Every structure is written in structure tokens, then in C-alpha cells.
Amino acid sequence: MSNWIGNSIVEKSIDKLGRYLQSSPGTYFFLFALLIYLFLGTLEADPDLFARIAMGRWLEKFGSFPIKDPFSFTSTKAIWIDHEWLSGVVFYRIVSAFGDVGLFIFKIILSLLTIGILNATVKKSSSRSLSLFLLFIFANELSVVWMSTVRSQIFTYLFIPIFLYLITIHKKFQDKTLLFLSPLIMALWCNLHGGFVVGLGILGAYSFAKIVLRQSGAVPVFFSFVASIFSTLLNPYGFSYWKFMFMALSMPRVTITEWAGASFLDPAHLIFWIFITISIWQLIKNRKSLPLEGSLLLIVCAYGAISHIRFSSVFLMMFIIY
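Parameters at a glance
Throughout, a residue's number is its position along its own chain's written sequence, starting from 1. Per-residue local features are limited, in this predicted model, to residues with pLDDT of at least 70; the limit for side-chain atom pairs, both in listing and counting, is 80 or more; totals at the level of whole chains, interfaces and linings are taken over all residues. Neither water nor hydrogens contribute to the side-chain values; these are computed over all heavy atoms in the structure. Axis definition: a line fit to C-alpha positions, over the contact stretch in the case of helices; interaxial angles, taken between N-to-C directions, run 0 to 180 degrees. For helices the rule is a DSSP run of H or I covering at least 4 residues; for strands it is a run of E covering at least 2, with both sets numbered from the N terminus onward. Here the word oblique covers every angle except those under 35 degrees (roughly parallel), over 145 (roughly antiparallel) and from 65 to 115 (roughly perpendicular). Crossing handedness: left-handed means the near helix sits turned counterclockwise from the far one by under a right angle, and right-handed means the same turn made clockwise. In what follows, a contact means two residues having at least one pair of non-hydrogen atoms within 4.5 Å. Per residue, pLDDT captures the predictor's confidence, and it can take any value from 0 to 100. Side-chain atoms within 4.5 Å are what join buried Ala, Val, Leu, Ile, Met, Phe, Trp, Tyr and Cys residues into a set we call a nonpolar core. Only protein chains enter the accessibility calculation, which uses a 1.4 Å probe; a residue whose area is less than 20% of its type maximum is buried, one above 50% is exposed, and one in between is partly exposed. Multiply 1.5 Å by the residue count of a helix minus one, and that product is the helix's expected span. Taken from the helix axis, the directions to the C-beta atoms give the arc we talk about. Here a polar contact is recorded for every N or O atom pair within 3.5 Å, except that within protein the pair must consist of a potential hydrogen donor and a potential acceptor, and residues adjacent in sequence are included only if both atoms are side-chain atoms. For this document, the term salt bridge refers to a Lys or Arg side-chain nitrogen within 4 Å of an Asp or Glu carboxyl oxygen. In summary, the pairing rule links any two rings of Phe, Tyr or Trp, Trp by its six-membered ring, whose centres are within 6.5 Å, and it sorts them by plane angle into stacked for under 30 degrees, edge-to-face for over 60 and tilted for everything else.

Taken N-terminus to C-terminus, the directions of helix α8 (residues 196-212) and helix α9 (residues 218-231) make an angle of 155°; their axes are 9 Å apart at the nearest point. Between α8 and α9, the interaxial angle falls into the category roughly antiparallel. Where α8 crosses over α9, the handedness of that crossing is left-handed. Every residue of α9 that contacts α8 at L200, L203, G204, Y206, S207, K210 and I211 is listed here: A218, V221, F222, S224, F225, S228 and I229.

And the structure:
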């Protein structure tokens, strides 16, 4: 009798916990706890963080952009381009006001916002929420991005879901927010992190799909895309910034682990290859119903992630949405 009562209490408790975790507050509490656990596992600062904070301090102190790298003791290029200068200012101000703990909290806030906006995009596109399983996989996958104290690319992983959300509400509800916000977001994004090119790719794929399919509203979306490209010139270096970006994007990084390709033999890449396999199957099975921009983004991001494993999180975002 006592065993039956004990089992009944356990079953009811597990059932209540399951229902709570599936609710919005429960899900976010679970994600918050999971991210804290993952982040506390590695508190090492990425070496780039010190350069970011130092550059932020330089800009705050002198109020001008150095033409030469002020922290280099060797010969540098004719013009030194700091394509992440604004993230340095943000990090420096957070550290000055709140210390290292402030950076840790800032990272948690941005990571939760990223997952929350992605979940909101799924709700808008298909009237469903992400399953707890997918949220767990996604949080675990992106924890690699957020694992160090903080990195400039956290802004890219926030802006990607924002762009996907704006595209979704434009496509489903003809909401014109995308048209007005895209150039403004891009002007901010390009000064925070070089990953803004992913945003241009997303918007470009959507514009291309609307033009090819001759859908209504194709012209305004195209002009918004063009305006977004030109808005990236709102940086301290003008056209030189884009010359630097072309050089940086084509630069070989064979000695940097996160820029290496995905390996079949690496157990850490197993989840990635599972999702790649599912995506190929979905592309074949749903080739007639899948949005053209979705197919393009899945294929391009899958190729990018296979070539450079650091893009696996971007691919996973596309997988979740499309």
C-alpha cells in the first residue's frame, strides 16, 4: 500500500513537472537553469575579449578611431580596420559599471532573448512552440558560442532570429516593419560584428524568392535589401570596411579549430550530422511546399556549417524555422 502511494505521488509529481516545463514560464526557467549550468562549466575568457575591452577603453578615452593598431608591436597594414569596435565599447561600459559579473549576466540576457525570439518566430510561422527537446538541443549547441565570458558574435546570434522574425511577420501578415527596420539594424550590426553578412544573406534570399516567384511586395523588399547594403557604409571606415570584409571572409584559418570543417569522426559533431541528414530528407520530401527562401538558406547554411563548424548554430536556426 505504501509503495503504491509512493509511486502515485512520484508519478503525479513528474506529470506536474512535465506540464510546468512545457508552459512558457517553465520552459524559460528550464533554459535559464540550463544556460547557467553550461556557462558555469567554462568561465575562461576568450583572448579576443581583452582586445575588445581595451579598444572600448581607448575609444572612450581618446574619442577617435586609430588608423594604426595601438596594441601591436609589429608592422601593421596601412589602415587598421576594427570591425567590432562598437561591441568593445559595450563590453567596456558593462565591465566599468558592473564588473565581470555584469558581462556574465549580459551574456545570459542575450542568450535568452535569442532563444525567445526564435521561439516567437516559430509560433508566428506555424502556430506552434518549440518542443522542450529542440530548445534543449539548441541551447546546448549555442552554448559553444556563449561559453567563454563573452564574444562579439553574441550580437550576430541575436540579430539572426530578429531578421527571421521580421521576415516571417512580413510574409504572413504583410507587416512592413521589416522594410523600415532592416537598414537600421544593419547599420548597428555591422559595427558590432562581421556576422552582419549573414543578415544580408537572409534578407537577400527572401528578396530573391519574392522576385523569382513574382509575389506581391517584391519591389519594396528588394529596395529594403539594397538600403540595408548601403547602410553598412555607416561605419568609421567607409568603403574600406567592405574591402576588409572581403579579405577577412576569404582568409584561410586552418589553425583555428572553430573554423575547421565538420568531421564524421568527431563525436561532438554527431548532433550536427543528424540534423543535416534530416534537412536533406525534408528538402526532398517537402520540395514543393518548402518556401524558396527556406530551401536556399538551408542549403547555403548547411554548406557553410560543413565547411566551418562554427556556422552549425546558424544552420540549426534555419532548420528550426524552416
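Chain-level pLDDT for the protein chain is 82 on average; 80% of the residues reach the 70-or-more range. Per-element averaging of pLDDT across the protein chain places helix α1 (residues 2-22) at the bottom with 47 and α9 at the top with 95. Note that residues 13-18 has pLDDT below 50 and, in this model, zero contacts with residues that lie over four places away or in other chains.

Let us now look at the nonpolar core. Grouped together as the largest cluster of nonpolar side chains are 71 residues, with contacts concentrated most on F91, I160, F196, F315 and M318. Top element by residues in this core is helix α4 (residues 85-126). It accounts for 10 residues. Sequence-distant contacts of F91, defined by excluding residues within four places in its chain, comprise L49, R52, I53, L103, F106, V150, R151, S152, I154 and F155.

Take helix α3 (residues 47-62) next. End to end, α3 covers 23 Å across 16 residues, agreeing with the expected 22 Å (1.5 Å per residue, within 8%). Looking only at α3, the buried set comprises L49, R52, I53, M55, G56 and L59. Along the axis of α3, the buried positions cluster into a sector of 160°, meaning they face one direction only. Structural note: α3 exposes P47, F50 and K61 on the side pointing more than 90 degrees away from its buried face. Packed against the buried residues of α3 are α4. Backbone geometry just after α3 places G63 at a positive phi near 70°.

Moving on: the side chain of S111. Checked against the element boundaries, S111 lands in helix α4. A polar contact is formed between the side chain of S111 and the backbone oxygen of I108, at a distance of 2.7 Å.

Looking now at the environment of C301. Examined against the element boundaries, C301 turns out to sit in helix α12 (residues 292-307). For the pair C301 and F311, spaced 10 residues apart in sequence, the C-alpha separation works out to 7.2 Å. Ignoring any residue separated from it by four or fewer positions in sequence, one finds C301 in contact with V314, F315 and M318.

Okay, the pattern of salt bridges next. As enumerated under the stated definition, the model contains four salt bridges in all. Ionic pairing is found between D82 and R52, a salt bridge with its closest N-O pair at 2.9 Å. Of this pair, D82 sits in the loop between α3 and α4 while R52 is found in helix α3, placing the two residues 30 residues apart along the sequence. Given the relative accessible area of 2%, D82 is considered buried. Residues R93 and E60 are paired through a salt bridge, measuring 2.7 Å at the closest nitrogen-oxygen approach. Separated by 33 residues along the polypeptide, R93 in helix α4 and E60 in helix α3 bring together distant segments of the chain. Overall, the relative accessible area of 37% leaves E60 in the partly exposed class. Several salt bridges converge on common partners, so that one network encompasses R52, D82 and E84.

A complete count under the given rule lists 16 aromatic pairs for this structure. Centre to centre, the rings of F272 and W273 are 5.3 Å apart; their planes meet at 65°, and the pair counts as edge-to-face. Assigned by exposure class, F272 and W273 land together as buried. Taken together, a centroid distance of 6.4 Å and an interplanar angle of 45° make the contact between F315 and F319 tilted.

In this section: the side chain of S295. For S295, the position within the fold is in helix α12. Once residues lying within four places of it in the same chain are set aside, the contact partners of S295 are L283 and L290.

For α9, which comprises 14 residues, the first-to-last C-alpha distance of 20 Å matches the rise-based estimate of 20 Å (1.5 Å per residue) to within 8%. Buried within α9 we find A218, V221, S224, F225, S228 and S231. Here the buried residues of α9 occupy an arc of 150° about the axis, which is enough to place them on one side. For α9, the exposed residues lying more than 90 degrees away from the buried face are V219, F223 and F230. Where α9 is buried, its residues meet α6 (156-173), α7 (177-192) and α8.

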